[in-house]
Amino acid sequence: MIGSSKMQLRKYQQDVVDAIGNDNAIIKMPTGSGKTFVAAEFMRRRKEYDEGKLKLETRRRAALFLVPACDLVAQQKKALKAWIKDCDVAEYMGGISSPTTRFDVLVSTPQAFLTLQQNEVNNLFTWPNYWLCVFDEVHHVLKQHPYRIIAHSIKEWNEQNQERPIQTIGLSASLTYAFGPKEVQSALRSLCYDLSITKMISPTQEELISGGYIPNDGNIETIQKPWQVPDGVVPEDERKPHLVHQTFIERIHNKSITPFALKVYKVVRAIENEIENECKARTETFESPLGNKKLNSWEDYAHRMKNDAVIGSSMQILFQFLEVWYVALRIVVQSWEEEQQLVWLWLIFHDGLHKHGWYSPRLEDCLDSISRLCNRNELESEKLESLKRTLVEKRKLKGVSFRCIVFKSKITPSIKVTPGDASRCIEQFRSGDINILVATAVIEEGFDVPEANVVISYDHLKDTVELAQRFGRARQTTSSLTLMSERRDRPLSALRDVKRQQDSIIKDFDPSKSENFARQQQSLKDRHRAAFSLLSDTVRCESSPLEVLNIYAAKTKAVAKTEYIEAGSDKIFRCKISFSNLLLTIEGKGEGNTKKQSQHQAAASILIQMRERGRKEYGL
């Protein structure tokens, strides 16, 4: 009997647990095949062994189970608690109290755990207290993500404390965002290097099926567009996703954007102009974020500025208004100016056409212009109508068992539900009180509702990670999976081909025979050398140090993290930024009258240190 009388591991799961041993391992198994139970059984076996064989000091060490989203903390805690008998499973994420007594397993989001380590008060969260770290959805280590910081921290700890190393296990249904064979190999080498992985474990399709797992990702249907692309939008054969921002800016300069897009853009610029005038009256400055290629940074910026403003002030009202319109403009840009009705609905639902009575004539004229266009009912979205028809059809097909998740891209931080609200929605979805859940990518990974039987992706899929994760949310054999939009350069057929290619490479990938770690370190050095030209532009480094630091971090696969920004009794803001990868860690500190000034000073300090380091190492 394993775990409890009601639960039994499948044959392929037992084989995976047996294969882990004392190795740092990555376990690649499809969504719904029971990766969590594999990790739980491995911890259960180790707990029984420790209790029977090892000293008290060893038994007091805990396992850390990291999940990428708050919504998964309670779910994974419940699963681990059910599997491991007499196990004290604690949980932590932002917004709840941290554990104060010892535990056998801690389930936490990575950023929350890092915060616990930085603010250690009872010595429960330092590395000497842990024997294992499980990275759920381990592919996040490849990005600028808190997972990466923790992976590097464990690697450094193990190198200095070889007698008490922390074992690492990574779990995922898809290990890389890469497409080409060389890129996949490179990503796997990076993943294995960052986590010191010595074993890759992935059951074959035959083993999975013989063990009772039933794959259903071959049943995805794509909707052949019943809608026509509106006149004047960017033609589909000219849409290059990595150039979406550049294309829109060029269309503005060329005066070729659609009349609707132009009206939205003019409203945004008019609101920005209002804010600029307010700032001038206060001897402050305002820098429009529209030049940033990361489109959701526009609304993030407005959201932060709104929260920093005095409650009820004109600046707070303007930034709140601007946040709504930044989202509207982002939808325009991301949809290549096609989703006009979606923009209109967004504005209606969020009071984006309301005039407060004290706006400038220019802003009010811009609002009137787009209101007249919207009120003529000329804005239609055949894609939205197609979604409605699809939902009705699936509801008729599934009857009372209908349980659907519709995935749509991120909207805005101002409407992000609280962890409590999200949990209530999810529980209502699980119970059937709610039968349609419209969600962002935050629940793509690990979200488990066995009753879900319909998944609709309103947006196209970017990579094989989304393919594996998004449609893995409905795992019944009769589930209905629908993709409403495809990227011309990455249709579903191409993503499936890439997934098969990745699976083949992963199956044959042997970390112990992959590139020498020394070569991996040399690769890191080469990336730093290639990125050094950024630091040579001293004018840009001085005028936009934080931007340069973030670009440098992206090019060198490092992490630039702001650890604190605070105002002391002297009302001066103090900031510390740490820049780290497996080659180096550099800290920069800054002070200023505003958070932004202190951040810029801290970033500038790091750039200066890196420039000196580069000159010594590379002779540049």
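Residues numbered from 1 in each chain as written. Predicted model: local features only at pLDDT ≥ 70, side-chain atom pairs only at ≥ 80, totals over all residues. Heavy atoms only, no water.

- Per an unreviewed UniProt entry, the chain is named ATP-dependent RNA helicase, and its organism is Skeletonema marinoi.

A closer look at unusual backbone geometry
No. 1: Residue Asp-86 is not a glycine yet carries a positive backbone phi of 55°.
No. 2: Tracing the chain through its elements places Asp-86 in the loop between helix H4 (71-83) and strand E3 (89-92).
No. 3: The class for Asp-86 is exposed, based on a relative accessible area of 63%.
No. 4: Positive phi outside glycine occurs at Glu-337, with the angle close to 70°.
No. 5: Judged by relative accessible area, Glu-337 falls into the buried class, the value being 3%. (Helix = DSSP H or I, 4+ residues; strand = E, 2+ residues; numbered from the N terminus. Buried < 20%, exposed > 50% of the residue type's maximum accessible area, 1.4 Å probe, protein only.)

Points about the packing of aromatic side chains
No. 1: A complete count under the given rule lists 16 aromatic pairs for this structure.
No. 2: For the pair Phe-286 and Phe-319, a centre-to-centre distance of 6.1 Å together with 50° between the ring planes defines the contact as tilted. In this pair, Phe-286 is assigned in the loop between helix H10 (259-281) and helix H11 (296-308) and Phe-319 in helix H12 (residues 314-334), connecting sequence segments 33 residues apart.
No. 3: By relative accessible area, which is 12% here, Phe-286 ends up buried.
No. 4: With a centroid separation of 6.0 Å and an interplanar angle of 55°, the aromatic rings of Tyr-552 and Phe-579 are classed as tilted. Residue Tyr-552 is located in helix H21 (residues 545-556), and its partner Phe-579 is located in strand E14 (residues 573-580); the two are separated by 27 residues in the primary sequence. (Phe/Tyr/Trp six-rings, centres within 6.5 Å; stacked < 30°, edge-to-face > 60°.)

Focus: the packing of H12 against helix H13 (residues 340-349)
No. 1: Viewed as axis vectors pointing N to C, H12 and H13 meet at an angle of 170°, and their least axial separation amounts to 9 Å. By the angle class used here, H12 and H13 are roughly antiparallel. The residues of H13 that touch H12, namely those facing Val-324, Trp-325, Val-327, Ala-328, Ile-331 and Val-332, are Leu-342, Val-343, Trp-346 and Leu-347.
No. 2: Residues that form the contact of H12 with H13 fall into these classes: 10 nonpolar, no polar and no charged. (Axes fitted to C-alpha atoms, helices over the stretch in contact; angles between N-to-C directions. Parallel < 35°, antiparallel > 145°, perpendicular 65-115°, else oblique. Contact = heavy atoms within 4.5 Å. Nonpolar A, V, L, I, M, F, W, Y, C, P; charged D, E, K, R; others polar.)

A word on the sheet that holds strand E8 (residues 220-222)
No. 1: Strand order in the open sheet formed by 5 strands is E8-E12-E11-E9-E10, and the pairing between neighbours is parallel. Two strands close off the open sheet at either side, each with one partner strand: E8 and strand E10 (436-439). When strand polarity is set aside, the average angle formed by the axes of neighbouring strands in this sheet is 20°.
No. 2: Relative to E10, strand E9 (residues 404-407) is paired through 4 bridges, and the arrangement is parallel. In the sheet register, Val-406 faces E10, and the bridge partner there is Val-438.
No. 3: Together, E8, E9, E10, strand E11 (454-457) and strand E12 (480-483) form the strand contacts of helix H15 (residues 382-398), whose direction differs from that of E11 by roughly 170°. (Pairing = 2+ DSSP bridges.)

As for the packing of H11 against H12
No. 1: Where H11 meets H12, the axes come as close as 8 Å, and the angle between the chain directions of the two elements is 170°. Taken together, H11 and H12 sit at an angle that is classed as roughly antiparallel. Here H11 contributes Asn-296, Trp-298, Glu-299, Tyr-301, Ala-302, His-303, Met-305 and Lys-306 to the contact with H12, which in turn contributes Gln-316, Phe-319, Gln-320, Leu-322, Glu-323, Tyr-326, Val-327, Leu-329, Arg-330 and Val-333.
No. 2: Partitioned by chemical class, the residues of the contact of H11 with H12 number 10 nonpolar, 4 polar and 4 charged.

Concerning H10
No. 1: The terminal C-alpha atoms of H10 lie 33 Å apart, and with 23 residues this matches the ideal 33 Å at 1.5 Å per residue to within 8%.
No. 2: Following H10 by one or two positions, Thr-283 has its phi on the positive side, about 55°. (Expected span 1.5 Å × (residues − 1).)

Some remarks on the pairing of E12
For a regular strand, the rule is simple: side chains alternate between the two faces of the sheet.
No. 1: Neither face of E12 is open: one carries Ser-480 and Thr-482, the other Leu-481 and Leu-483, and all of them are buried.
No. 2: As judged from the 3 bridges shared by E8 and E12, these two strands associate in the parallel manner. From the neighbouring strand, Ile-220 faces E12, where its bridge partner is Leu-481.
No. 3: Both E11 and E12 contribute to a ladder of 4 bridges, which runs parallel. Residue pairing for E12: Ile-456 is matched across the bridge by Thr-482.

So, the pairing of E11
No. 1: The side-chain alternation of E11 yields two buried faces, one formed by Val-454 and Ile-456 and the other by Val-455 and Ser-457.
No. 2: Of the strand pairs in this sheet, E9 and E11 are connected by 4 bridges, and their pairing is parallel. Residue pairing in the sheet places Ile-405 in a bridge with Val-455 of E11.
No. 3: Read as a crossover between parallel neighbours, the route from E11 over helix H17 (residues 464-470) to E12 is right-handed. (Right-handed = clockwise from strand over helix to strand, strands pointing away.)

Some remarks on the sheet that holds E3
No. 1: Judged by pairing direction, the sheet is parallel, and its 7 strands sit side by side in the order E3-E4-E2-E5-E6-E1-E7 without closing on themselves. Both outer strands of the open sheet, E3 and strand E7 (199-201), are each paired with one neighbouring strand and no more. On average, adjacent strands in this sheet sit at an angle of 15° to one another, irrespective of strand direction.
No. 2: Pairing geometry for strand E2 (residues 62-66) and strand E4 (residues 105-108), over 4 bridges, is parallel. Paired with Ala-63 across the two strands is Val-105, which belongs to E4.

Observations concerning the nonpolar core
No. 1: Ranked by size, the top nonpolar core spans 59 residues in total, and within it Phe-248, Val-264, Ile-275, Trp-325 and Leu-329 carry the most contacts.
No. 2: Here this core takes 14 residues from H12, the largest share from any one element.
No. 3: By size, the runner-up hydrophobic cluster in this structure holds 42 residues, among which are Ile-26, Leu-66, Ala-187 and Cys-192. (Core = buried A, V, L, I, M, F, W, Y, C linked by side-chain atoms within 4.5 Å.)

So, the environment of Gly-614
No. 1: When you line up the elements, Gly-614 lands in helix H22 (residues 595-618).
No. 2: For Gly-614 and Phe-532, which are 82 residues apart along the polypeptide, the C-alpha to C-alpha distance reads 7.1 Å.

Overview of the confidence of the model for the chain
No. 1: Across the chain, pLDDT averages 84, with 89% of residues at or above 70.
No. 2: Scored below 50 in pLDDT, residues 1-6 makes 11 contacts in the model with residues more than four places away or belonging to other chains. (pLDDT = per-residue confidence, 0-100.)

A few points about the pattern of salt bridges
Where side chains of opposite charge bring their charged atoms close, a pairing between them can arise.
No. 1: Evaluated as defined, the whole model comprises 27 salt bridges.
No. 2: Between Arg-148 and Asp-194 there is a salt bridge; the shortest N-O distance is 2.6 Å. Placement of the pair is Arg-148 in helix H6 (residues 146-160) and Asp-194 in helix H7 (residues 181-195), with a sequence separation of 46 residues. In this structure, Arg-148 and Asp-194 share a single accessibility class: buried.
No. 3: As a salt-bridge pair, Arg-251 and Glu-337 come within 2.5 Å of each other at their nearest N and O atoms. Pair noted here: Arg-251 is in helix H9 (residues 244-253) and Glu-337 is in the loop between H12 and H13, with a separation of 86 residues, a long-range link. (Salt bridge = Lys/Arg side-chain N within 4 Å of Asp/Glu carboxyl O.)

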